[in-house]
Amino acid sequence: MTATSPDPTGLPYHRMARYSPHHRWWRPLLGTVVLVFGSVLATVFLYILTDGIGTAAGYPELPDGGVDFGPVLGTGLDLAFIAVDLPLVLLAVLWLGRRPAGTVASVTGRPRWRWLAWCLLAAVPPMVLLPMVAIFLPDDQGDGGGSDVWVGWQTFLLSLAMLVVLVPLQSAAEEYVFRGWLLQAAGAFLRSPWLAVLPQAVLFAAAHGWGTPWGFADLLVFGAVAGLLTIRTGGLEASIALHALNNLLAFGVSAMYVDGLASDETAADAPWQLALVDMASVLLFAAIVLWLARRRHPQNLSAPVPEPIPPHLLPYIPPQGAYWPYAQAPGAYGPYPQQAPGAYGPYPQQAPGAYGPYPQPPGPHGAYPPPGAHGAYAPPPGAVWPYASAQGSHGPYAPPPSNGAVPGPAAAPSGPDGPGSAASGADEPGPAAPSDPDGPSPAALGSTASSPVLPGDAPGPDGSSPTAPGAVSDSAAPSSAALGDAPSPAEPSSAAPRPDAPRPAEPSPAAPHPAAPGDAPSPDGTSRAVPAPADPPSRQPSGPQES
């Protein structure tokens, strides 16, 4: 219940079937048919199930072929079968009506528990007055009542506990069916609340059977008053409160006497005296509820009808599948016709090995030659790490001889065909001596008996040592040694002067040359000096040198 004023743009309770953007005229009719058939099927199924369980449990059989569960348990099963209609109504509203299930309870979309409590309080005075008056009413035989036998406290309390649990559910189920679904279904076509109330009131009276005319009239009045209170208050709380207390009173009185709950009589079989008292109590309840409604102001109009959601705000759902609007993918490679024949796609060539469709490499280094220790390219002369890999303390060049001699320029072998002969000496001169403005030194012009033997020199044909390239032998040249020739052991010559050091004194031709570290021994046991290689022309000093 709420004390706020209702929204004038909303709908009253009997028009709540239109409280949906998906409302269609056929939905209330289809829901009514489905609800009736669903209720009948559920009741038949439950009766068959309980009869089978009762037969297996050994309960006695009734004359009509059913199972006799006793008055207490039998009444409880009957009330439970009617209560099954309550979830059926909620499902019909939700699935077939395409609207929230709570809209059948009230215009707020949920049960209003506080307003239900007020309606229960309003139903107490009429329900207390009804049995008090009924006791003093004469029956058809003229006495004030029957002489029924008290059932006992144990059975009465057990019956009362069962009724307190199941009667509210049974009463609420009937109200949800008649004052809920049927009233809103009629209101979907009828605007007048009076006209919308009549169909459900007649069906409610007929559902209890055709008894006495007064009993039928009593049920008809009850249905009409309950329907009008539902529309006036905007929910089922008033009708549920009246129906639950009325049924609880009627079943409670029957449970007080032996076989009172086993009676087949309903409210439709009530005599005229009881029917009049019951109609008076219903009208008294309606007056109290209307007085409370003027003071409490329960909401009787719904919120504005929700508008349809624009298409651009709806969640996107691919209408044709995950690949819409394109064709469905025939496989893992999409909607295209070609299929991948293997791991290399739809192309015809297949990879013959680890290197794809190209020829296999001839070795572990591919199609190129192995690079070697220095990579794919030769290191430049004199390069140091990281350009060339160090091979030792001497770098990429060959180590010196093991005797400590300093290797000089290799001398070509002498002989008839060698480059050290007289013929070849003229064509391939030795390294040029450094220029001297004062002329060549006496040692450079001295005689050379033989050239020193260097590592790699081959002996001549006659066993003599070969001469250096460009040197002249004793028989074909004067005693003066050519530039670049090594001095003989008897007449050693000094090494070529270095540009950054003074020229040493030239020794006498007759004096032996002292052996220096690295000199190679001659055949006669004396040591011979190996001339140092001449500096490149680019490093010779341009000015005069000191003598």
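What you see is a predicted model; the values in this text were computed from it and never measured. (Residues numbered from 1 in each chain as written. Predicted model: local features only at pLDDT ≥ 70, side-chain atom pairs only at ≥ 80, totals over all residues. Heavy atoms only, no water.)

## Here's the deal with the overall build of the protein chain
A count of helices and strands for the protein chain gives 11 helices and two strands. The helix and strand sequence of the protein chain, counted from the amino end, reads α-α-α-α-α-α-α-α-α-α-α-β-β. By residue count, 33% of the 547 residues in the protein chain fall in the buried class. Long-range pairs, those at least 24 residues apart, make up 73% of the contacts in the protein chain between residues at least 6 apart in sequence. Total accessible area on the protein chain stands at roughly 32,200 Å², and carbon and sulfur atoms take up 66% of it. (Helix = DSSP H or I, 4+ residues; strand = E, 2+ residues; numbered from the N terminus. Buried < 20%, exposed > 50% of the residue type's maximum accessible area, 1.4 Å probe, protein only. Contact = heavy atoms within 4.5 Å. Areas by Shrake-Rupley, 256 points an atom, 1.4 Å probe, with all protein chains shown as cover.)

## Things to note about a nonpolar patch on the surface
Residues Trp25, Trp26, Leu29, Leu30, Val34, Phe189, Leu190, Leu195 and Leu198 make up a contiguous nonpolar surface patch of roughly 870 Å² in combined accessible area. Broken down by secondary-structure element, the contributors of at least two residues to the nonpolar patch are helix H1 (26-57) and helix H6 (193-207). Sorting elements by how many residues they give to the nonpolar patch places H1 first, with four residues. When you line up the elements, Leu195 lands in helix H6. Note on Leu195: relative accessible area 48%, which makes it partly exposed. (Patch = residues over 30% accessible without salt bridge, like charges linked within 9 Å, V, L, I, M, F, W, Y side chains within 5 Å. Salt bridge = Lys/Arg side-chain N within 4 Å of Asp/Glu carboxyl O.)

## Brief notes about the packing of helix H7 (residues 213-233) against helix H8 (residues 237-255)
Viewed as axis vectors pointing N to C, H7 and H8 meet at an angle of 145°, and their least axial separation amounts to 8 Å. In this structure, H7 contributes Phe222, Ala226, Leu229 and Thr230 to the contact, and H8 contributes Ala238, Ser239, Leu242, His243 and Asn246. For the contact of H7 with H8, a count of residues per class yields five nonpolar, four polar and no charged. (Axes fitted to C-alpha atoms, helices over the stretch in contact; angles between N-to-C directions. Nonpolar A, V, L, I, M, F, W, Y, C, P; charged D, E, K, R; others polar.)

## Quick notes on H7
Look at H7: 30 Å from first C-alpha to last across 21 residues, which is about the 30 Å you get at 1.5 Å a residue. A positive phi of about 80° marks Gly234, the residue just after H7. (Expected span 1.5 Å × (residues − 1).)

## Notes on the pattern of salt bridges
For the structure on display, the rule yields two salt bridges. Between Arg112 and Glu237 there is a salt bridge, with its nearest N and O atoms 2.9 Å apart. Residue Arg112 is found in the loop between helix H3 (85-96) and helix H4 (113-135), and its partner Glu237 is found in helix H8; the two are separated by 125 residues along the sequence. On the basis of relative accessible area, Arg112 is assigned to the buried category, the value being 1%. A relative accessible area of 4% places Glu237 in the buried class.

## Some details on the packing of aromatic side chains
All chains considered together, the criterion is met by eight aromatic pairs. Ring plane angle 45° and centroid distance 5.6 Å describe the contact between Trp150 and Phe156, whose orientation is recorded as tilted. Seen in terms of ring centroids, Phe204 and Phe222 are 5.7 Å apart; in terms of plane orientation they differ by 25°. Their pairing is stacked. Of this pair, Phe204 sits in helix H6 while Phe222 sits in helix H7, placing them 18 residues apart in sequence. What makes Phe222 buried here is its relative accessible area of 5%. By way of ring pairs, the aromatic residues Trp150, Trp153 and Phe156 are connected into one cluster. Positioned above the aromatic ring of Phe204, the side-chain terminus of Arg179 is 4.3 Å from the ring centre. (Phe/Tyr/Trp six-rings, centres within 6.5 Å; stacked < 30°, edge-to-face > 60°. Lys NZ or Arg CZ within 6 Å of the ring centre and 35° of its normal.)

## Regarding unusual backbone geometry
Unusually for a residue other than glycine, Arg98 sits at a positive phi of about 55°. According to the relative accessible area criterion, Arg98 is partly exposed, its value standing at 39%. A positive phi angle, close to 60°, is found at Asp259, a residue other than glycine. Along the chain, Asp259 turns up in the loop between H8 and helix H9 (272-296).

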